[in-house]
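This is what each chain is made of:
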Amino acid sequence: MAVTIKKVGVIGSGQMGNGIAHVAALAGFDVVLNDISDERLKSAMATINGHLSRQVAKQHITEDARKKALARITSAETLDGLADCDLVIETAVEKEEVKRKIFHELCAVLKPEAIVATNSSSISITRLAASTDRPEKFIGIHFMNPVPAMELVELIRGIATDDSTFETAKEFVGKVGKQIAVSEDFPAFIVNRILLPMINEAIYTLYEGVGNVEAIDAAMKLGAHHPMGPLELADFIGLDTCLSIMQVLHEGLADSKYRPCPLLVKYVEAGWLGRKTQRGFYDYRGDKPVPTR
Ligand SMILES: CC(=O)CC(=O)SCCNC(=O)CCNC(=O)[C@H](O)C(C)(C)COP(=O)(O)OP(=O)(O)OC[C@H]1O[C@@H](n2cnc3c(N)ncnc32)[C@H](O)[C@@H]1OP(=O)(O)O
Ligand SMILES: NC(=O)C1=CN([C@@H]2O[C@H](COP(=O)(O)OP(=O)(O)OC[C@H]3O[C@@H](n4cnc5c(N)ncnc54)[C@H](OP(=O)(O)O)[C@@H]3O)[C@@H](O)[C@H]2O)C=CC1
């Protein structure tokens, strides 16, 4: 039987954390947004307000809904602030050791009946669940980017996830207006098992000189009707996240077809992580994006 969720904690206020807080608050949930830096939290609130205002301008929501949604979001610099949440969704960086540490610290303060979820793009739900004190109340709730615009959420059960947790997560996702696809707990689940090898292949296409950035993106936008070219999309997702997902696929499935492209590795090593650092396959520091190769 599903449990009633009223208060939702979100750990990590990057692009995904912002988006999840946005849609949850708009759906009427009280939201506590956590990050390690106060500056990050302030900029997250400004971003959420900006996106809500755009929805008002497009007459998709009312000004009253914007104000009420913003008022439902509070921020917390430490995990103590999430202690009385009914559901906590972790959406910090795609690094297993970071997530494990967060879950360990979270479970020490979180009420025992609360559900813990991860928005991980690729990491084993069963393994992450094992770093909590409640594997039966742990689940993957994987939103897509940008959260307010994308219709899908993947739900992934770990080996121990119980039916009540699954039903509660399903109900929550329905209330925030998204549809679900259920995935088994395999590396990168469904969407990223398919999408990331395509992006990695686009980077190999660039690396091998088959085409430049503009040609590759134009080819897939105009030739396959993708809304964004694969390199533009990689920059949008974050090249660090793309690399982490490819590493999880490569290690988890032990197949050389998932080998991360050395050029992707090089960009990440340079700190060129895409839009979030203003430089990736495009340079975003000017008026319009300029290809970097
Ligand atoms: C890595 C993972 O683990 C999984 C993933 O998420 S993989 C990534 C999946 N996402 C994609 O593949 C995105 C592909 N791109 C697209 O679908 C489109 O380019 C897009 C939806 C991002 C933008 O579409 P568009 O038609 O060019 O722009 P636009 O009309 O301005 O935006 C459409 C909607 O998205 C919203 N939107 C666009 N960018 C946004 C952003 N960064 N944040 C929040 N909302 C955004 C707009 O507000 C608009 O919302 P409304 O429908 O309420 O008006
Ligand atoms: N980008 C995408 O398209 C998608 C990403 N995801 C997944 O969502 C998660 C977040 O991705 P995304 O939002 O893009 O990443 P971002 O880099 O935009 O944001 C991550 C945020 O988490 C913060 N953070 C890091 N460590 C901690 C911590 N210990 N406690 C609290 N906050 C922390 C970061 O702070 P700081 O920068 O200061 O380190 C940053 O603000 C990842 O697991 C990713 O795989 C899922 C779907 C789509």
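Residues numbered from 1 in each chain as written. Chains lettered and ligands numbered in written order. Predicted model: local features only at pLDDT ≥ 70, side-chain atom pairs only at ≥ 80, totals over all residues. Heavy atoms only, no water.

Brief notes about the domain arrangement of the protein
Entries for the protein in the domain assignment read domain 1 (7-183) and domain 2 (192-291). One C-alpha centre belongs to domain 1, the other to domain 2, and the line joining them spans 26 Å. In this complex, domain 1 contributes nine residues to the contact, which on the side of domain 2 involves seven residues. Carbon and sulfur atoms supply 51% of the area buried between domain 1 and domain 2, which totals about 710 Å² over both sides. Applying the counting criterion to the domain 1 and domain 2 interface returns zero salt bridges. Taken together, domain 1 and domain 2 are joined by five residue pairs in polar contact (both at pLDDT 80 or more). By residue class, the composition of the side of domain 1 that touches domain 2 is two nonpolar, five polar and two charged. (Domains from an automatic or database assignment. Contact = heavy atoms within 4.5 Å. Buried area = accessible area lost by both parts, 1.4 Å probe. Salt bridge = Lys/Arg side-chain N within 4 Å of Asp/Glu carboxyl O. Polar contact = N/O pair within 3.5 Å; in protein donor to acceptor, adjacent residues only side chain to side chain. Nonpolar A, V, L, I, M, F, W, Y, C, P; charged D, E, K, R; others polar.)

Let's talk about the site of ligand 2
As a matter of local geometry, ligand 2 sits amid 25 residues, with Arg 40, Glu 94, Lys 99, Ser 121 and Ile 237 nearest to it. Contact distances for ligand 2 include 3.1 Å between an oxygen atom and a backbone N or O atom of Ala 92. Taking Lys 276, its side chain carries an N or O atom lying 3.0 Å from an oxygen atom of ligand 2. With the chains in place, 85% of the 890 Å² that ligand 2 exposes on its own is no longer accessible. At the level of secondary structure, the elements contributing two or more residues to the shell around ligand 2 comprise helix 1 (15-26), helix 4 (96-109) and strand 6 (138-143). Here the shell around ligand 2 gets three residues from one element, more than from any other, and that element is helix 4. Per-class residue counts for the shell around ligand 2 are nine nonpolar, 11 polar and five charged. Shared between two domains, the shell around ligand 2 takes at least three residues from each, and those domains are domain 1 (7-183) and domain 2 (192-291). (Near = heavy atom within 4 Å. Areas by Shrake-Rupley, 256 points an atom, 1.4 Å probe, with all protein chains shown as cover. Helix = DSSP H or I, 4+ residues; strand = E, 2+ residues; numbered from the N terminus.)

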